[in-house]
Amino acid sequence: MSRSPRPALGYVFTLASAGLFGINGTVSTLALEAGIPPTRLTALRCTGAALVLVVALAALSPSRLRVRRRELPLLAVFGVVGVALTQFLYYVAIGRLPVGIALVFEMTAPVFIALYVWLVRREAVRSLLWVALLLSLSGLVLVAQVWQGGGSLDAVGVAAALAAALCLATYYLVGERGTVGRDPVTLTCWSFVAAALFWAVAAPWWAFDAGVLAESVPVSLGEVTAPLWLLVAWIVVLGAVAPFWLSIAALPHLPPTTAGLVATVEPVFASVVAWLWVEQVLTGWQVAGGVVVLTGIALAQTARAASAAPLMPETPVPLSS
């Protein structure tokens, strides 16, 4: 028996998911500053999330873990490009840029998607696409403050954030195909498994000194320190698995496009948390540019004449309508 939608609950779940993802940006920054390289932090997050999701599905619905051979290529691309590389590039970006700014760049993925389906798939798009593109580009110019000697932001960080946006766009586009024959929960589970296997090769476990996880590191709250493993546990459980389940839980209560639009508050949450926690202060131009970019992203969400996917930032769910 299906339950009646409760929009208020859907908004709460989506906002909570965006909030946890926003906090995760600062926690990840602290882990990076403690000396864990982006490759290793990404491997830990992907592997931890894969283990949690596989165990949960094995306990609750083991039949959903079956994989057909013809699904393997899609899962490989989905996991390696859409998950492993997106998260790695995001970590490279936040290691060089304020968290909120890195997210603003990464969240331009819906604009790339709308352009792709128009240029490559020849799908009809609304005229809003051009307004969205203009706003996004204009906002990014303000965020980067390009008039200051070519830009006030680290060039490698900006390149990583934009590359993450392209990988995230791939994530959504491949995910649209993947959900034709598989539900989004198991699709995401196997994408994390594929990402974990990729990092097991790219960053072998035997080259990692796990003893560093026991070291105490500062958490930018006065003289407070915490073991590094606690930060990593947060990144896995409250930075990946928990917001994933919250965003899944929101979909029966909100239309996908609505959920995607609500989720654009993530950079706002991330910027506020980073400002309060690690004193990452944005200039007035960067704040204004972020608002302009988010407006463009909101328009891009509805630019496709027949939208097939909710376009939500860094969320493993937005792959089915």
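Cut-offs used in this document
- Residues numbered from 1 in each chain as written.
- Predicted model: local features only at pLDDT ≥ 70, side-chain atom pairs only at ≥ 80, totals over all residues.
- Heavy atoms only, no water.
- Helix = DSSP H or I, 4+ residues; strand = E, 2+ residues; numbered from the N terminus.
- Contact = heavy atoms within 4.5 Å.
- Areas by Shrake-Rupley, 256 points an atom, 1.4 Å probe, with all protein chains shown as cover.
- Axes fitted to C-alpha atoms, helices over the stretch in contact; angles between N-to-C directions.
- Parallel < 35°, antiparallel > 145°, perpendicular 65-115°, else oblique.
- Left-handed = near helix turned anticlockwise from the far one by under 90°.
- Nonpolar A, V, L, I, M, F, W, Y, C, P; charged D, E, K, R; others polar.
- Phe/Tyr/Trp six-rings, centres within 6.5 Å; stacked < 30°, edge-to-face > 60°.
- Lys NZ or Arg CZ within 6 Å of the ring centre and 35° of its normal.
- pLDDT = per-residue confidence, 0-100.
- Salt bridge = Lys/Arg side-chain N within 4 Å of Asp/Glu carboxyl O.
- Buried < 20%, exposed > 50% of the residue type's maximum accessible area, 1.4 Å probe, protein only.

### A short note on the overall build of the protein
In step 1: When its secondary structure is counted, the protein shows twelve helices and two strands.
In step 2: When the helices and strands of the protein are placed in sequence order, the string is α-α-α-α-α-α-α-α-β-β-α-α-α-α.
In step 3: Sequence separation of 24 or more characterises 83% of the internal contacts of the protein that already satisfy a separation of 6 or more.
In step 4: With the model as given, the accessible surface of the protein reaches about 13900 Å², and the carbon-plus-sulfur share is 69%.

### Comments concerning the packing of helix α3 (residues 72-94) against helix α8 (residues 184-202)
In step 1: Contact geometry for α3 and α8: axes closest at 7 Å, N-to-C directions at 70°. With respect to α8, the element α3 is oriented roughly perpendicular. As α3 packs across α8, the resulting crossing turns out to be right-handed. Only Leu187, Trp190, Ser191, Phe192, Ala194, Ala195, Phe198 and Trp199 of α8 make contact with α3, whose side of the interface consists of Leu74, Leu75, Ala76, Phe78, Gly79, Val80, Val83, Ala84, Leu85, Gln87 and Phe88.
In step 2: Taken together, the residues of the contact of α3 with α8 break down into 16 nonpolar, three polar and no charged.

### Some thoughts on the packing of aromatic side chains
In step 1: If you walk through the whole model with that rule in mind, you get seven aromatic pairs.
In step 2: An aromatic cluster of at least three residues, connected via ring pairs, comprises Phe88, Phe198 and Trp199.
In step 3: Its end group placed over the ring of tryptophan 205, arginine 40 keeps NZ or CZ at 5.5 Å from the ring centre.

### Description of the confidence of the model for the protein
In step 1: Of the residues in the protein, 89% have a pLDDT of 70 or more, and the chain-wide mean is 84.
In step 2: Note that pLDDT drops below 50 for residues 307-321; the model gives that stretch 64 contacts with residues more than four away or on any other chain.

### Quick word on the environment of valine 237
In step 1: Considering the arrangement of structural elements, one finds valine 237 in helix α9 (residues 228-250).
In step 2: Separated by 189 residues in the primary sequence, valine 237 and glycine 48 place their C-alpha atoms 8.0 Å from one another.
In step 3: Those residues in contact with valine 237 that sit more than four places away from it in its chain are Ala242 and Pro243.

### Examining the packing of helix α6 (residues 128-144) against helix α12 (residues 284-301)
In step 1: Running from amino to carboxyl end, α6 crosses α12 at an angle of 160°, the nearest separation of the two axes being 7 Å. Comparing their axes, α12 and α6 come out roughly antiparallel. α6 and α12 meet at a crossing whose hand is left-handed. Taking contact as the criterion, the partners of Leu128, Val131, Ala132, Leu135, Ser136, Gly139, Leu140, Leu142 and Val143 in α6 are, on α12, Trp285, Gln286, Gly289, Gly290, Val292, Val293, Thr295, Gly296, Ile297, Leu299 and Ala300.
In step 2: Residue composition of the contact of α6 with α12, grouped by class: 13 nonpolar, seven polar and no charged.

### Structural notes on the pattern of salt bridges
In step 1: A complete count under the given rule lists two salt bridges for this structure.
In step 2: Measuring nitrogen to oxygen at the nearest pair gives 3.6 Å for the salt bridge that ties arginine 68 to glutamate 71.
In step 3: Residue arginine 68 is classed as partly exposed on the basis of its relative accessible area of 37%.
In step 4: A salt bridge links arginine 96 to aspartate 154; the shortest N-O distance between them is 3.3 Å. With arginine 96 in the loop between α3 and α4 (99-106) and aspartate 154 in the loop between α6 and α7 (155-178), this pair connects stretches of sequence that are 58 residues apart.

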